[in-house]
Each structure stands twice: as C-alpha cells, then as structure tokens.
Amino acid sequence: MCPVRTDGQYVRIEPRLSGEYFANDRLTFQAAYGRYNQFLTLISNEAFSGFDLWLTSDHGLLPQYGDQFILGTKTIPFKNYGFDVELYYRTMRDIFELDPFLPDAGGLDYPDLFRVGEGYAYGAEFMFEKRVGRLNGYIGYTYGQTWRKFEGYNTELLSEDGKARFYPPKYDRSNDVKLILNYNLSRKWKLTGAWVYATGQAYTSPTGRYARQDDPFSSDGPDDALVVEEINSARLPAYHRMDVSFSRAGKFFKMGTSELQIQIINVYNRKNVWFTQFDFGENPVNQEDVTLLPTIPAISYTVKF
C-alpha cells in the first residue's frame, strides 16, 4: 500500500478484522488483526519524563505504522466469575524520534532532525474477575516485552557483530499487576482498595568517567567524559503502591446524583523512584534517587446533573 502524499499530508488505510467463536455458554474464543498508523511521536528524555512533548510527521518524514495480532479466550469458570486470557504481537515500522546524536541541529530541515527505526512488542494478559456480590473486583496481570532499534548509530546501540541492537524503551514493563477490590459497606457507602505493581523503568547507567586532558574544544581545563552501559540495560526499582478510598453515593438537592469520596493515596508510603541523577562533581560519584509523591490524603465531592 503506497502513501498518497502532498506537502506532508498522508493518507493511510487501516484494515481491521475480528471474530469470535462461542464454543458454549462459558467459553468464547477471539481473534483480531489491525493495521494502525500514528502521525505523532512522543519526544521523551530516556532518563526524565517531566518535559515530554509531541511532534508530528511531515513532508519527508513518514507516519509510524504497525500491525497487531491478538488471540484470546473469555471463560466463566464459576457463576459470576470471569477469567480472560489474551496474547498479542505487534510490529512497529518507521518509528521516528529526535536524533540524540546530532552535533548541531541548526539549519537542518525538519526531517533531518529525526532518526527512523523499527520495533516490535509481544505479551500475554490475564484477568480474573468477580463481577457481582457485596465483595467484587478483579486482578489482572500482564507480561510484555517491547523492543526497538535504529540503524547506523553510536556504539552503545550496536551489538558485537556491529549491527544495530534492539533495546527496551523506557516505557517497557515486563510485569504489570493490578488488584482492585470493592466492598459495599451499605447501600450508600463503598470501600475500594487498589494495588498496582510494575517492573522498574529502563535507563542507561553510567559505569565510570575519565578526564580528557588538553582538549582543544574546552577552555576550562580537563573535560569529564562518561562511560555508560548498553542503552537502557539497567532498571529502576519496581514501582508499587496501594490506594484506599471510602465513597458515599447520594443526591444533590433532587437535581442530580452526587458522590463524596475520601481517599488515601500511597497508603504505605512507598518511595517509588521517578529518576536517578548522578553528581559527577564529587569523587566518588554521588548517585541520588528522586522519588515520587508520599502518602497523600484527598477528599472530593462530585455532582452529576
């Protein structure tokens, strides 16, 4: 399928196909295929996500696209319970992102600011659910792998044979768990607990440094240079936390419904690491973990008319 292109405008076709087979009233098989296109890309620092931004494809910079394949089953092992399994595989083509190895971006055309690569992802998702009753909720587990590569770049992106190496992007999570439980204390009051767990974010860890003497491009004396591991071969500690909330359903002056919610976020005060920073002004190098929010109480009142 060829793109129709005029001054950076692209036309893409996205075929989709899905089907279900009902083996009996407790077992359903599913299969699906889809072609997906993305005209935007998220520009994100591999170490810090505080200033992420979106950029678009343009003339000379093709949109990203990929194919996704899914196989799944939905079962009812017991009355009012459900157990679902889904396997997926997806390709990623024409991935584009700002080229981090450009020595100087000044004067370059927009497409020349980017590097283009490819990737793929696969995994399995499981969910066990209690659908009705005073106590209800679900537990879900996802195992996933995401890999990408870009041809013709610096040595940390190359394998031993000199070819481009696949590496995990920072959003790769090998293991992801969600546990949600609801307990109806009364007709109006409900207690909800949520626990989440995820494999730590991938990042590139420096392993050492050396000083370059008499560098003609530096007028400030010796210039420190870093020695790093293979890109994104290190992991931050695993992310997990638990939230608890009490909610009360009611009415708002006969004009609508309301909900009062009292919530405690990060109940056991988990010090999840946002990113790691290194101070090379000290010897030995000082490593400091920047953590996310501590335990936070919150209250909200929502009205729907």
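Residues numbered from 1 in each chain as written. Predicted model: local features only at pLDDT ≥ 70, side-chain atom pairs only at ≥ 80, totals over all residues. Heavy atoms only, no water.

1. A closer look at a positive patch on the surface
- On the surface, Arg187, Lys188, Arg248, Lys251 and Lys254 cluster together into a patch of positive charge.
- Relative to the helices and strands, Arg248 resides in strand β17 (residues 239-252).
- Owing to a relative accessible area of 32%, Arg248 belongs among the partly exposed residues under this scheme. (Patch = residues over 30% accessible without salt bridge, like charges linked within 9 Å, V, L, I, M, F, W, Y side chains within 5 Å. Areas by Shrake-Rupley, 256 points an atom, 1.4 Å probe, with all protein chains shown as cover. Salt bridge = Lys/Arg side-chain N within 4 Å of Asp/Glu carboxyl O. Lys, Arg positive; Asp, Glu negative; His and termini not counted. Charge placed at Lys NZ, Arg CZ, Asp CG, Glu CD. Helix = DSSP H or I, 4+ residues; strand = E, 2+ residues; numbered from the N terminus. Buried < 20%, exposed > 50% of the residue type's maximum accessible area, 1.4 Å probe, protein only.)

2. A short note on the sheet that holds strand β3 (residues 16-24)
- Spatially, eleven strands are ordered β3-β4-β7-β8-β9-β10-β11-β12-β17-β18-β21 in an open sheet, and the strand pairing comes out antiparallel. Of all the strands in the sheet, the pair left with one neighbour each is β3 and β21 (296-304). Mean inter-strand twist for the sheet, computed between neighbouring axes without regard to direction, equals 15 degrees.
- Relative to β17, strand β12 (residues 189-198) is paired through ten bridges, and the arrangement is antiparallel. From the neighbouring strand, Val196 faces β17, where its bridge partner is Arg241. (Pairing = 2+ DSSP bridges. Axes fitted to C-alpha atoms, helices over the stretch in contact; angles between N-to-C directions.)

3. Regarding the environment of Lys304
- Relative to the helices and strands, Lys304 resides in strand β21.
- Placed 45 residues apart in sequence, Lys304 and Glu259 show a C-alpha to C-alpha distance of 8.8 Å.
- Residue contacts for Lys304: discarding those within four places in its chain leaves Gly256 and Thr257. (Contact = heavy atoms within 4.5 Å.)

Limitation: the analysis is restricted to geometry and does not speak to function.
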